[in-house]
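The chain contents come next:
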Amino acid sequence: MKYPNSFRKSLWTFLFNAGSCNGCEIEMVALLTPRYDVERFGIKLVGSPRHADLLLITGPVTRKIAPRLRMVYEQMPDPKVVINVGVCGVSGGAFYESYSLIGPVDDIIPVDVYVPGCPPRPEAIIHAAVKALEKLERAEVAS
Amino acid sequence: MGNVLLILFGTLAVAAFGIITGLVFLGVDRILVARMQARIGPPWQQPFFDFFKLMSKENVIPRNSIPWLFNLAPLLALASSIVLLLYLPIGSFPALLAAHGDLILIVYLLIVPALAMVVGGFASSSPYATIGAQREMVTMISYELPLATIAVAYAWKLGQAGVAHPFALSSITANPIWGLVGPVGLAGAVLLLLVLIVVTPGELSRIPFDTPEAETELAGGLLVEYSGRNFALFYLALGVKSIVMAALVVALFFPWNVSDFIALPTVAARIADLAFWLLKIEVVIFFAASLIRISLARLRINHVVSLYWKYLGAVGFLALALLMIDGMIA
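Now for a look at the structure at hand.

## Some thoughts on the pattern of salt bridges
Link 1 in the chain: Following the criterion strictly, the structure yields 14 salt bridges over all chains and no others.
Link 2 in the chain: With its nearest N and O atoms 2.9 Å apart, the salt bridge here joins R206(B) to D29(B). Remark: D29(B) occurs in helix 1 (residues 2–36) and R206(B) occurs in the loop between helix 8 (183–203) and helix 9 (215–218); sequence separation between them is 177 residues. With respect to burial, R206(B) and D29(B) carry one shared label: buried.
Link 3 in the chain: It is possible to trace a salt-bridge network through shared partners that takes in D37(A), E39(A), R30(B), R39(B) and D50(B).

## Thoughts on unusual backbone geometry
Link 1 in the chain: In this model, D78(A) is joined to P79(A) through a cis peptide bond whose omega is -10°.
Link 2 in the chain: Along the polypeptide, P79(A) turns up in the loop between helix 2 (66–75) and strand 4 (81–85).
Link 3 in the chain: The backbone phi angle of N22(A) is positive, close to 80°, even though this residue is not glycine.
Link 4 in the chain: Inspection of the secondary structure puts N22(A) in the loop between strand 1 (11–17) and helix 1 (23–31).
Link 5 in the chain: One non-glycine residue, S205(B), lies in positive phi territory at about 50°.

## Re the layout of surface pockets
All names here are of chain B.
Link 1 in the chain: As a volume, the second largest pocket reaches approximately 300 Å³.
Link 2 in the chain: If you go around the second largest pocket, you meet 25 residues; those closest to its centre are P89, G91, F93, P94 and T173.
Link 3 in the chain: Elements supplying a minimum of two residues to the lining of the second largest pocket: helix 7 (169–174), helix 10 (228–253) and helix 11 (266–295).
Link 4 in the chain: Per-class residue counts for the lining of the second largest pocket are 16 nonpolar, six polar and three charged.

Conventions and cut-offs
- Residues numbered from 1 in each chain as written.
- Chains lettered and ligands numbered in written order.
- Predicted model: local features only at pLDDT ≥ 70, side-chain atom pairs only at ≥ 80, totals over all residues.
- Heavy atoms only, no water.
- Salt bridge = Lys/Arg side-chain N within 4 Å of Asp/Glu carboxyl O.
- Helix = DSSP H or I, 4+ residues; strand = E, 2+ residues; numbered from the N terminus.
- Buried < 20%, exposed > 50% of the residue type's maximum accessible area, 1.4 Å probe, protein only.
- 1 Å grid on protein atoms, 1.4 Å probe; cavity = no way out; pocket = protein on both sides within 12 Å on 5 of 7 lines; lining within 4 Å.
- Points joined across faces, edges and corners; volume = space filled by probe spheres on them.
- Nonpolar A, V, L, I, M, F, W, Y, C, P; charged D, E, K, R; others polar.

Everything listed is a geometric property; what it means functionally is a separate question.
Below is the structure:
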């Protein structure tokens, strides 16, 4: 998939909660506040995966949400980037012993960048978006 | 033959002008909204970046959809918005098709972009889009009444003042309503302006009337299945539609030009008028879209209906009555 130059100036984001405790969501909402204001870089939240370029996933993947996560990923038009926010999606985090998990996220869909932390700081999420763009530039998108 | 060529190239010029200014004003709107929230906001070219990004993306056509309708709807929305712009004066340039249509035609044509979105919503056959399309139809039906009262009040006033062709936009811009009315009618005219300002965000599906799109509950509503090129065309249509609505407000209520007051050579007058027109458009978009969008939350669909039908309809009829009383006193 050819890397579109315009992604650097316009990255529409879809939030997906795969069983998160809402801690990561609070940090993501902080991204939209005057302090971080990611709209400066053309990043904005959209309501439909069809409009999105970037999929931000939070939480360990529960058994119920896994098919939905796969569906949302497939609904996104190419080219697309996936970022996993929080340590839950990496290893299960605080929920690692739970009977209802079938995560981590990269067992379900390919992930481009991982942001560890419980929750990660907003700066770390912006850094991850930059990393994902660099990765796209090298045309290494896992799609 | 020359006339046909003029209309052909004029249409292309107006389309390019409408699309570019539409996108620029969407960018300005986003900056102003960000500044009011104490944010810095995106650069003014952001809608252009968004547009080129969307054009470079995959254009998904859902399996359950009706493909030809699904693909036709965005084209129809953009084309009908541009057609509307052909009937409205831009600066001191008269409307390209001024001889072929009047205010009634504009009120009718205003339905078409919204109808195209409804068609697209139904054609995508997603439950979210279907609910969004139904809400858009209900919104359309509700703002028709206040919009029609404006047209009726205007034509009645102009007809009573003895202006020939009271429905023609050229006679409306030549005789601003403010000069035709006494103090009572002035109150009526201000109310009419208020009604049109409140109808504008409904027409554009902006907050608080964005119930058909409602990102948080309907995930984008009408537009939920649209991506890539089709979504980019809807994006352009939104920009052109903002210009159209603002141009309608300007043509009905603020039709003055710089060249009416200062004597300028022809070319300079045209440029000054165009710049002044763009300023007026921005002021209207600021008060009718940006400021309302930032100060209010989304209304529920039944609130939208009761606001437009009951309250704004009543205000419209009150304005009409005031204009008539004014006519009887004078």
